[in-house]
Amino acid sequence: MSVKGQIKEAAGYVKEEAFENGDSPEAKRKAQEGRNLRNEGRIEDGKPPKTGTPGTEN
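Quick look at the structure, then. Residue numbers run consecutively from 1 along every chain, following the written order of its sequence. Since the coordinates come from a predicted model, pLDDT governs what is reported: local features require at least 70, and pairs of side-chain atoms require 80 or more to be given and counted, while whole-chain, interface and lining totals use all residues. Only hydrogens and water are removed before side-chain values are computed, so all heavy atoms of the structure are retained for them.

The subject of this paragraph is the environment of Ser24. Here a strand is any run of E in DSSP of at least two residues, a helix any run of H or I of at least four, and the numbering for each starts at the N terminus. With respect to the element layout, Ser24 can be found in the loop between helix H1 (3-19) and helix H2 (25-44). In this scheme, a residue with accessible area under 20% of its type's maximum is buried, one over 50% is exposed, and one in between is partly exposed, where area comes from a 1.4 Å probe on protein chains only. Judged by relative accessible area, Ser24 falls into the partly exposed class, the value being 34%. At 3.1 Å, the side chain of Ser24 forms a polar contact with the backbone nitrogen of Ala27. Any pair of N or O atoms that falls within 3.5 Å is considered a polar contact. Within protein, one atom must be able to donate a hydrogen and the other to accept it, and sequence-neighbouring residues count only if both atoms are side-chain atoms.

Moving on, we come to H2. In this model, H2 (20 residues) spans 29 Å end to end at C-alpha, consistent with the 28 Å of a helix rising 1.5 Å per residue. Three or more residues of H2 are buried, namely Ala27, Ala31, Gly34, Arg35, Arg38, Asn39, Gly41 and Arg42. Relative to the axis of H2, the buried residues are bounded by an arc of 160° and lie together on one face. What points out from H2, more than 90 degrees from its buried face, is the exposed set Pro25 and Ile43. Two residues or fewer past H2, Gly46 is found with a positive phi of approximately 80°. Here, expected helix span is obtained from the residue count minus one, scaled by 1.5 Å. Of all possible arcs, the one meant is that of the directions from the helix axis to the C-beta atoms.

Turning our attention to H1. Look at H1: 25 Å from first C-alpha to last across 17 residues, which is about the 24 Å you get at 1.5 Å a residue. Looking at H1, one finds that the buried residues are Gly5, Lys8, Glu9, Gly12 and Glu16. Buried residues of H1, viewed axially, fall in a sector of 95°; they line one side. Seen from the open side of H1, the exposed residues pointing more than 90 degrees away from its buried face are Val3, Ile7, Val14 and Ala18.

The next point concerns the pattern of salt bridges. Two side chains that carry opposite charge are able to pair once their charged atoms sit near each other. Here, a salt bridge means any Lys or Arg side-chain nitrogen found within 4 Å of an Asp or Glu carboxyl oxygen. In total, this model carries 10 salt bridges according to the counting rule given. Measuring nitrogen to oxygen at the nearest pair gives 3.3 Å for the salt bridge that ties Glu16 to Arg35. Of this pair, Glu16 sits in helix H1 while Arg35 sits in helix H2, and the two are 19 residues apart along the sequence. Comparing Glu16 with Arg35, the two get one shared label, buried. Measuring nitrogen to oxygen at the nearest pair gives 2.4 Å for the salt bridge that ties Glu26 to Arg29. Taken together, the positions of Glu26 and Arg29, both in helix H2 and three residues apart, correspond to about one turn of that helix.

And the structure:
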């Protein structure tokens, strides 16, 4: 596991959680950016990206 991948995954998680409940298009865009960053970090660490519904464990 790389430190860079772990940092990206953690930062993406924080950004996604901060904006996922917003109703504005800007909040939805920022939540998606967080998901993308989180998945990028997961891929760098050799884990599969999360493809389930946001806010669930799936």
